[in-house]
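Fold and contact review
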Amino acid sequence: MPRRILFAIRSKLGDTLISLQCVRAFADAHPATQVTLLTRSAYANLLRDEAGVRVIGFDSRVEMALRLLWLRFSEPAFDVLAVLWGSGPPIRLIGRLVKALRKIAWSRKFAPDIFEEGQMPGDPLLIDPAASVIRAFEPGFASPRALSVPSLAARYRSHSGNTAIGIVPIADEARRNLDAASLLQLIAQLRRQHGEAPIRVFVNPGNAGSEALIALALPAGCELRTFRNLSALVAQYMELAAWFGTDTGLYHLAAAIGLPATVFFGPTQPHKIVMPAQKNARVFRLAALGDTHCEEKTCTRPLCLHANLAVWSHAAVATRLEETPPGCPLRSLPASALDNIRDCSPA
């Protein structure tokens, strides 16, 4: 009987797509193994055509429990339950409901009586939790070095003549958002670089900070595109020639499709988030920040991000230092710290 592995990912888009690379790499290396992935329905819908992986989606905790009960009573026990990412009581619930010979999670803290734990390095990259879980039962497993969803990438390659430029200015926290002034700077620079190519600004109305950008009068040739589900956004991504934006899960979606992407980082660490061998990825951050991570969570006017974009766009900085929180690390640096950015793109 072939080995049966159940992978579970219960997290946000970026974490899910990064962790998925480990599932994809494992399935490709072990085609005789029956691989099942449990994840949120919004992401499961994107992955429905992935070869060698059965994908089961859920919208709520109750639906997740029902799906797991169906697996428990309709199928043999799994050889391994591998929880690659997620937190809180739902992880314990997954561990209790799944029949498996071994149960391994990236962290045991949610259910130490149920799970083994993967062995992570001291300063983990975003992919290390998932890779550590797989190495607990497959010691020779090598971490993937690039992000791709082959079924989506094949769809993107089938499109020809794409000319539109996409911008994603909003993330899921204010300190990674472009404001109206920075967005207009970016549009002006893209117009200089790409001539009359149509520019599309993608905004989820449900995200904080979206209201100001939705109300913004965009220059001629620019169009605001709102979206509320990922399937609709993917269809629009397929029409793009290039992607520009901030550190958000929607960057990971662009990378997974194979869309050339330029990402502007502020407080977060590019080397932990962008895969080391990612093709067609350009990454920029203020040079003065180095590889450090900013812990100032209250920031709503990210000078580090706005200055990064301003230097790249040959424009004036849109945010003043006095508008940042007292804990902003840029306050202890000379004013010249805002003048230089670093190309952090994968080699």
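This one's a predicted model, so the numbers in the text were calculated from it and none came from an experiment. (Residues numbered from 1 in each chain as written. Predicted model: local features only at pLDDT ≥ 70, side-chain atom pairs only at ≥ 80, totals over all residues. Heavy atoms only, no water.)

What about the pairing of strand 12 (residues 281-286)?
Regular strands show a simple pattern: their side chains alternate between the two faces of the sheet. Counting buried positions along strand 12 gives five out of six residues, so the element sits mostly inside the fold. Relative to strand 12, strand 11 (residues 261-264) runs parallel, the two being bridged by four bridges. Bridge pairing in strand 12 links Ala261 to Ala281. Relative to strand 13 (residues 341-343), strand 12 is paired through three bridges, and the arrangement is antiparallel. For Arg285, the partnering residue across the bridge sits in strand 13 and is Arg342. (Buried < 20%, exposed > 50% of the residue type's maximum accessible area, 1.4 Å probe, protein only. Helix = DSSP H or I, 4+ residues; strand = E, 2+ residues; numbered from the N terminus. Pairing = 2+ DSSP bridges.)

Comments concerning the pairing of strand 4 (residues 78-85)
Counting buried positions over the eight residues of strand 4 gives seven, a clear majority of the element. For strand 1 (residues 4-9) and strand 4, the ladder comprises five bridges, and the chain directions are parallel. Looking at strand 4, one finds that Phe7 is bridged to Ala82. Two strands pair when backbone bridges link them, and strand 4 and strand 5 (residues 100-105) are joined in this way by five bridges, in the parallel orientation. Pairing of Leu81 across the sheet is with Lys103, part of strand 5. Following the chain from strand 4 across helix 4 (residues 89-97) to the adjacent parallel strand 5, one finds a crossover that is right-handed. (Right-handed = clockwise from strand over helix to strand, strands pointing away.)

Overview of the sheet that holds strand 3 (residues 54-58)
Read from one edge of the open sheet, six strands run 3-2-1-4-5-6, paired in parallel fashion. Only two strands of the sheet have a single partner each, and these edge strands are strand 3 and strand 6 (116-117). Bridge count between strand 2 (residues 34-40) and strand 3: five bridges; the pairing is parallel. Looking across to strand 3, one finds that Leu38 is bridged to Ile56. On the sheet, helix 5 (residues 128-137) packs against strand 1, strand 4 and strand 5 and is oriented at approximately 160 degrees with respect to strand 4. (Contact = heavy atoms within 4.5 Å. Axes fitted to C-alpha atoms, helices over the stretch in contact; angles between N-to-C directions.)

With respect to the sheet that holds strand 13
The seven strands lie next to each other as 9-8-7-10-11-12-13, forming an open sheet whose pairing is mixed. With one partner strand each, in any of the chains shown, strand 9 (222-226) and strand 13 form the two edges of the open sheet. Between one strand axis and the next, the sheet turns by 20 degrees as a mean value, whatever way the strands run. When strand 10 (residues 240-246) meets strand 11, the two strands line up parallel, connected through four bridges. Residue pairing for strand 11: Trp243 is matched across the bridge by Ala261.

A few points about the packing of helix 1 (residues 13-29) against helix 5
Where helix 1 meets helix 5, the closest approach of the two axes is 8 Å, and the angle between their N-to-C directions is 30 degrees. In this structure, helix 1 uses Ser19, Cys22, Val23 and Phe26 to contact helix 5, whose residues at the interface are Ala130, Ala131, Ile134 and Phe137. Class assignment of the residues belonging to the contact of helix 1 with helix 5 gives a composition of seven nonpolar, one polar and no charged. (Nonpolar A, V, L, I, M, F, W, Y, C, P; charged D, E, K, R; others polar.)

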